[in-house]
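# Structure at a glance
As a plain string of letters, each chain reads:
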Amino acid sequence: MKIVFFGTPEFAVPSLKILLGSEHEVIAVVTQPDRQSGRGRRFHLCPVKAVAEEAGIKVLQPLKVREQKFIDELKQLNPSVIVVVAYGQILPPEIIHMPEFGCLNVHASLLPKYRGAAPINKALIEGEEKTGVMTMLMDEGMDTGPLLLKEETKITREDTAGSLSEKLSETGAARLILTLEGLEKGNLKPMPQEGEPSYAPLMKKSDGLIQWTLPAEEICNFIRGMNPWPGAYGFIGEERFKILMALPAEGDGDPGMIESVTKDELLVGTGNGMVSIINIQPSGKPVMEIRAFLQGRKLEKGMRFNSDDQKFL
């Protein structure tokens, strides 16, 4: 098959690499425009673009996929199928219905659960014990198209959004190749989605603010779901701390209040139970295990993590 691949972040890289190593022909890669990032505001290649350029594949970076100039260029390429993996823009109907075999999407949830841009984060935040990857034919809705193949993945207590994304990206790549084979041979029957849909919208940095009035278990799931991005955080005074891993602990305390400090443990009260912070990152500093962090910090029982960006306590 002649394939145009749409994708941007690291999650899409295994899918692109498996296509490049297959019998299919990747004739172009479409990815988001280069963005400025970091303190120097330098332009950096996204992971998909870096792989495509190394392989000598043509790269297209339209500001908006609805631009007629881009659509006309895509028509000239005449792909057999378009593969979309975490691209970052909604495709217009003119593109969705363009290829002979349609537009094929790799989505990191068990649809119709967690349609949208952040299904991995949402599955962890909601305390799911399993998730997975599904391939589907795209239609004009948000992840509403008919399903093709799926594979379930167990979520462990140690999983973060980062580790789970890495596992699901590899699973998705394997399912993608099998899906293309089935479509080409005509022995893969699309099935409509069944069940109650739920949604996982795009996340912002501000979404990472920890609400300490939640139960300890929910807070720990939230922290895992926000790691590494956008990052779960709170404030002590005016200083911002990112928390990357925490575990529920026995006992009770006031929400956000530091209830116990030892040389290797920091316990914080919640709406139900307590949280033991495992890994923490002070603003502008590297990630630290809690023991190392406490060696250089004078924290005392009675100090409080604030849950409001605007009101520093």
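For the structure itself, look to the data block above.
The notes below deal with the structure included here.

Rules behind the numbers
- Residues numbered from 1 in each chain as written.
- Predicted model: local features only at pLDDT ≥ 70, side-chain atom pairs only at ≥ 80, totals over all residues.
- Heavy atoms only, no water.
- Disulfide = S-S within 2.5 Å.
- 1 Å grid on protein atoms, 1.4 Å probe; cavity = no way out; pocket = protein on both sides within 12 Å on 5 of 7 lines; lining within 4 Å.
- Points joined across faces, edges and corners; volume = space filled by probe spheres on them.
- Helix = DSSP H or I, 4+ residues; strand = E, 2+ residues; numbered from the N terminus.
- Nonpolar A, V, L, I, M, F, W, Y, C, P; charged D, E, K, R; others polar.
- Pairing = 2+ DSSP bridges.
- Core = buried A, V, L, I, M, F, W, Y, C linked by side-chain atoms within 4.5 Å.
- Buried < 20%, exposed > 50% of the residue type's maximum accessible area, 1.4 Å probe, protein only.
- Contact = heavy atoms within 4.5 Å.
- Phe/Tyr/Trp six-rings, centres within 6.5 Å; stacked < 30°, edge-to-face > 60°.
- Lys NZ or Arg CZ within 6 Å of the ring centre and 35° of its normal.

### Focus: the state of the cysteines
Across all of its chains, the model carries 0 disulfides by this definition. For the unlinked cysteine cysteine 103, the closest cysteine sulfur is that of cysteine 46, found at 19 Å.

### As for the layout of surface pockets
Approximately 160 Å³ is the volume attributed to the second largest pocket. Along its surface, the second largest pocket is lined by Leu124, Gly127, Glu128, Glu129, Lys154, Ile155, Thr156, Arg157, Glu217, Asn221 and Arg224. In terms of residues, the lining of the second largest pocket owes the most to one element, helix H7 (residues 216–225), which gives 3 residues. Residues that form the lining of the second largest pocket fall into these classes: 2 nonpolar, 3 polar and 6 charged.

### Brief notes about the pairing of strand S14 (residues 274–282)
The pairing of strand S11 (residues 239–249) with S14 spans 8 bridges and is antiparallel. Paired with leucine 247 across the two strands is serine 276, which belongs to S14. Bridging between strand S13 (residues 266–269) and S14 involves 3 bridges; their strand directions are antiparallel. Bridge pairing links valine 268 to valine 275 in S14. Two successive antiparallel strands, S13 and S14, enclose a turn made up of 4 residues, where glycine 273 displays a positive phi of approximately 90°. The sheet contact formed by S14 and strand S15 (residues 288–289) spans 2 bridges and is antiparallel. In the strand pairing of S15, asparagine 279 is matched with glutamate 289. The loop that links S14 with its antiparallel partner S15 comprises 5 residues; one of these, glycine 284, has a positive phi angle of about 75°.

### Details of the nonpolar core
Counting residues in hydrophobic clusters, the biggest one holds 64 residues, and the most contacted among them are Phe5, Val83, Leu180, Ile243, Ile277 and Phe305. The leading source of residues in this core is helix H6 (residues 161–185), at 6 residues. Aside from chain neighbours lying at most four places away, what touches isoleucine 277 is Ile243, Met245, Ala246, Leu266, Val268, Ile290 and Phe305. Core analysis: the second largest hydrophobic core is formed by 19 residues, Val4, Leu91, Ile96 and Met138 among them.

### Some thoughts on empty space enclosed by the protein
Under the defined criterion, the tally for this structure stands at 1 cavity of 30 Å³ or more. Forming the boundary of the largest cavity are Arg157, Cys220, Asn221, Arg224, Met245, Ala246, Leu247 and Pro248. Where the lining of the largest cavity is concerned, the elements lending two or more residues are H7 and S11. Here the lining of the largest cavity takes 4 residues from S11, the largest share from any one element. Considering only residue class, the lining of the largest cavity consists of 5 nonpolar, 1 polar and 2 charged.

### Let's talk about H7
Most of H7 is tucked away, with 8 of its 10 residues classed as buried. The set of residues buried in H7 consists of Ala216, Ile219, Cys220, Asn221, Phe222, Ile223, Arg224 and Gly225. Where H7 is buried, its residues meet helix H5 (119–125), H6, strand S10 (232–236), S11 and S14.

### Thoughts on the packing of aromatic side chains
Taken as a whole, this structure holds 6 aromatic pairs when the rule is applied. Taken together, a centroid distance of 6.0 Å and an interplanar angle of 90° make the contact between tyrosine 233 and phenylalanine 235 edge-to-face. When the centroid spacing of 6.4 Å and the interplanar angle of 75° are considered together, the rings of phenylalanine 241 and phenylalanine 305 count as edge-to-face. Within this pair, whereas phenylalanine 241 is found in strand S11, its partner phenylalanine 305 is found in strand S16 (residues 305–306), the two being separated by 64 residues in sequence. You can call phenylalanine 241 buried: its relative accessible area is 2%. Judged by relative accessible area, which is 2%, phenylalanine 305 ranks as buried. One aromatic cluster is present, formed by Trp212, Phe241, Phe293 and Phe305 through successive ring pairs. Positioned above the aromatic ring of tyrosine 233 is the side chain of arginine 240, whose terminal nitrogen or guanidinium carbon lies 4.1 Å from the ring centre.

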